Amino acid sequence: MSAVRSLAGLLEHTAREFPEKIAVTVPGGRSVTYSQLSALSDRVRDRLVHMGVRRGDRVGLRLHKSIEAVATIFGALKAGAAYVPVDAESPAARAAYILNDCNVKVVVTERDLESELVDALGSLAASPTRLVLDVGATQPMEELLETLQRSEPAASVASVETGADDIAYILYTSGSTGKPKGVVLSHGNALSFIDWCSETFAPRADDRFSSHAPFHFDLSILDIYVSLKHGATLVLIGEELGKEPIKLAAAIAAERISVWYSTPSILSLLANYGKLAKHDFGSLRMVFFAGEVFPIPQYRALQAMWTQPQYFNLYGPTETNVCTWYEVPPDARLEQMSTFPIGRICPPNRGKVVDDRGDCVAAGESGELLVSGPNVMRGYWNLPDHNERAFLVDETGERWYRTGDIVCEEPEVGYRYVGRRDRMVKRRGYRVELGEIEAALLRNPDVREAAVIALPDPESGVRILAFVACQEERTLTRIALKAYSAQALPPYMIPDIFSVVPALPRTSTDKIDYQRLRTVA
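Residues numbered from 1 in each chain as written. Predicted model: local features only at pLDDT ≥ 70, side-chain atom pairs only at ≥ 80, totals over all residues. Heavy atoms only, no water.

Peer 1: Describe in detail unusual backbone geometry, supporting the description with residues and values.
Peer 2: Backbone torsion omega between Pro347 and Pro348 reads 10 degrees, so that peptide bond is classified as cis. Relative to the helices and strands, Pro348 resides in the loop between β15 (344-345) and β16 (350-354). The phi dihedral of Ala202 falls on the positive side, at around 50 degrees, and the residue is not glycine. Given a relative accessible area of 47%, Ala202 falls into the partly exposed group. (Helix = DSSP H or I, 4+ residues; strand = E, 2+ residues; numbered from the N terminus. Buried < 20%, exposed > 50% of the residue type's maximum accessible area, 1.4 Å probe, protein only.)

Put into structure tokens, the structure is as follows:
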């Protein structure tokens, strides 16, 4: 297995080893075996190559979670391209910006999402070729490919040989400039992480992995590829099911999920509202959580009902995927903890804690966590200035990614998260740049100025508050601002509370006084 050096190679290897085993299943829906998934992704590859996709190109996906989406990911990889997943639930304008920014050659989408996406792309003068699925069909991808094959046959081609340095996928995260930025990850980056997961957690072919995270979220990398590498079954949790705790709890039990991975907020939702006592979760053996702080009381509520699994806190920004990990100890030791540590670095990566000058701090002191190693991204797409600021190059020439997270190292548990050095917060596991929300609000012609802050919240982890001052002779209600935000921002970035004010408070240097806003919130 060590000879496999591409993500597509993982599927091809497992399809040979476990051809009749279920690879992907949808609760209450259909399933595909490894041989079927491999064959379908081959057909997607052939069609993409026929449409002009070549090694190094980008293929966009604006699809809801489905077997078709998984097949498209592997079809793009087999064509030698990188896949660029965008959120089907987010505004079309944001999706179009992302697809245009990295100049996708082809975008695969759904009939119901096509027209708004075409309009949004047209406003940017972007016109990638489209593959459009009719999701009402029994087998949407198969039926589309068969129809296209009759009218315009695509020749069967060999999968492109990609190497560790080839781009595998680009995941867009919130940007401080008000625009999303693309994190470029190679096959080598992904495989380093997948290999570490394999060695550390020892997945089995009889495991059933949850796929709760959307494919544009970096948690999906563990879900898809660790499952697939070991011949396990990937259970797709759709967007709607993932938000309904009672139905979600029933699905976890019915699907006999053995490896669960999500943000703590989802686990808290299950513990509080999922009526877990009604179901048998005896198959669960590992629970991973990442993306935000898991309050100890909410963890205890979950662990009281899910007593048998091992629990792991996984930490890492999209730029590194997971780079530290911590196994939650037996319950008795939790008495001494206020929050879970983020743990120790995942080898073969390395970490260090530095001060503002880039010098290592003394043991036990707080500083910024820097990470170096094979997990670390190649860089941001087409943002040289960002790349220069994102890395520290030491005297030996080694590149260290600046996570922006303040940590301190403790001898017994490894790193403990302290806070952020900038205006980024984590919400529902997503990174949210408060500046991006402000930029979106300022695009409203009725808004004169806007400021956004985040406050801790014991239930959700963080609350986002937006303060807005209107243009002269203009008025905006909170309902109108909420509706506008729903059109301009992904759901996880929409502020919880809007306040319309005559003017924003200012410091003596005429900057927005965020500290005063915190006192009046």
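Still more ground to cover, so stick around.
Peer 1: If you had to explain the pairing of strand β9 (residues 208-211) to someone new, which residues and values would you point to?
Peer 2: The alternating pattern of β9 places Arg208 and Ser210 and Phe209 and Ser211 on opposite faces, both of which are buried. One ladder, built from four bridges, connects β9 with strand β10 (residues 233-236); its direction is parallel. Bridge pairing in β10 links Ser210 to Val235. With respect to chirality, the unit in which β9 leads through helix α8 (residues 219-229) into the neighbouring parallel β10 is right-handed. (Pairing = 2+ DSSP bridges. Right-handed = clockwise from strand over helix to strand, strands pointing away.)

Peer 1: Requested: an account of the pattern of salt bridges, with residues and values cited.
Peer 2: Within this structure, the stated rule accounts for 28 salt bridges. A salt bridge links Arg45 to Asp46, with the shortest nitrogen-to-oxygen separation between them at 3.0 Å. On the basis of relative accessibility, which here comes to 6%, the residue Arg45 falls in the buried class. Classification of Asp46 by relative accessible area gives buried; the value is 9%. One network of salt bridges, with partners in common, ties together Asp42, Arg45, Asp46 and Lys78. (Salt bridge = Lys/Arg side-chain N within 4 Å of Asp/Glu carboxyl O.)

Peer 1: Report on the packing of aromatic side chains, specifying residues and quantitative values.
Peer 2: Counted under the stated rule, the structure contains 20 aromatic pairs. When the centroid spacing of 5.8 Å and the interplanar angle of 85 degrees are considered together, the rings of Tyr261 and Phe288 count as edge-to-face. Taken together, the positions of Tyr261 in strand β11 (residues 259-262) and Phe288 in strand β12 (residues 286-290) put the pair 27 residues apart, joining distant regions of the chain. For Tyr261, a relative accessible area of 2% translates into the label buried. Aromatic rings pair up to connect Phe193, Trp196, Phe201, Tyr261, Phe288, Phe312 and Trp325 into one cluster. Cation over ring: Lys352 sits above Trp400, and NZ or CZ is 4.4 Å from the ring centre. In this structure, Arg399 packs its charged tip against the face of Phe391, placed 3.8 Å from the ring centre. (Phe/Tyr/Trp six-rings, centres within 6.5 Å; stacked < 30°, edge-to-face > 60°. Lys NZ or Arg CZ within 6 Å of the ring centre and 35° of its normal.)

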